[in-house]
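Close look at the chain arrangement
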Amino acid sequence: RRSEKGGGPKPKMYGRLTPAEAIRRREEREAEERERVEREAAGMSPEQRAAREEAAKEERRARIIAEHQALLKKEEEARREQQERDAKEAEERAIRDAEAAKLREEEEKLKAEARARFEEEAAVKAAAREAE
């Protein structure tokens, strides 16, 4: 229990950002990028400044698209791995079920043989009693 150990975040959370933190960090990066572009644009003509701003927008758009594609790729990979694990588990379950069915079948066969032997012995005993 975490409360008995002093609390704190779960170990798996150390490497991850919450969605709010990720958004805040992206906004900070974009603000720094805008400041850098503005400092560089201070000595430029309006046309050069507009071209620079457009290039910065395109860079930002491309970065967001790349982040989104990386996330989609990661999710697809996780989904594929889960499907592989599920398929492997289903295969193992089918093998276990087949083995269990085979054992039940053998058990039923042995029971039937024992029952047949018992009935045969009972019939022999009954015939012997009647012969007396």
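Quick notes on the rules
Residues numbered from 1 in each chain as written. Predicted model: local features only at pLDDT ≥ 70, side-chain atom pairs only at ≥ 80, totals over all residues. Heavy atoms only, no water. Helix = DSSP H or I, 4+ residues; strand = E, 2+ residues; numbered from the N terminus. Buried < 20%, exposed > 50% of the residue type's maximum accessible area, 1.4 Å probe, protein only. Areas by Shrake-Rupley, 256 points an atom, 1.4 Å probe, with all protein chains shown as cover. Salt bridge = Lys/Arg side-chain N within 4 Å of Asp/Glu carboxyl O. Lys, Arg positive; Asp, Glu negative; His and termini not counted.

**What to know about the overall build of the protein chain**
When helices and strands are counted, the protein chain shows 2 helices and 0 strands. Within the protein chain, buried positions represent 5% of all 132 residues. Only carbon and sulfur atoms are counted for the fraction: they give 52% of the accessible area of the protein chain, which is about 11,900 Å².

**Topic: the pattern of salt bridges**
Tallied over the full model, the rule gives 10 salt bridges. Glu 76 is paired through a salt bridge with Arg 79; the nearest N and O atoms lie 3.0 Å apart. Taken as a pair, Glu 76 and Arg 79 lie in helix H2 (residues 46-131) at a separation of 3 residues, close to a single helical turn. Put simply, Arg 80 and Glu 77 hold a salt bridge, and the shortest N to O gap is 2.4 Å. One end of the pair, Arg 80, and the other, Glu 77, are both in helix H2, 3 residues apart, so they sit about a helical turn from each other. Arg 80 sits in the partly exposed class, given a relative accessible area of 34%. What emerges from the salt-bridge pattern is a single network uniting Arg 26, Arg 29 and Glu 67.

**Examining the side chain of Glu 30**
By secondary structure assignment, the location of Glu 30 is in helix H1 (residues 19-41). Arg 26 is the oppositely charged side chain nearest to the buried, salt-bridge-free Glu 30, at an N-O distance of 4.3 Å.

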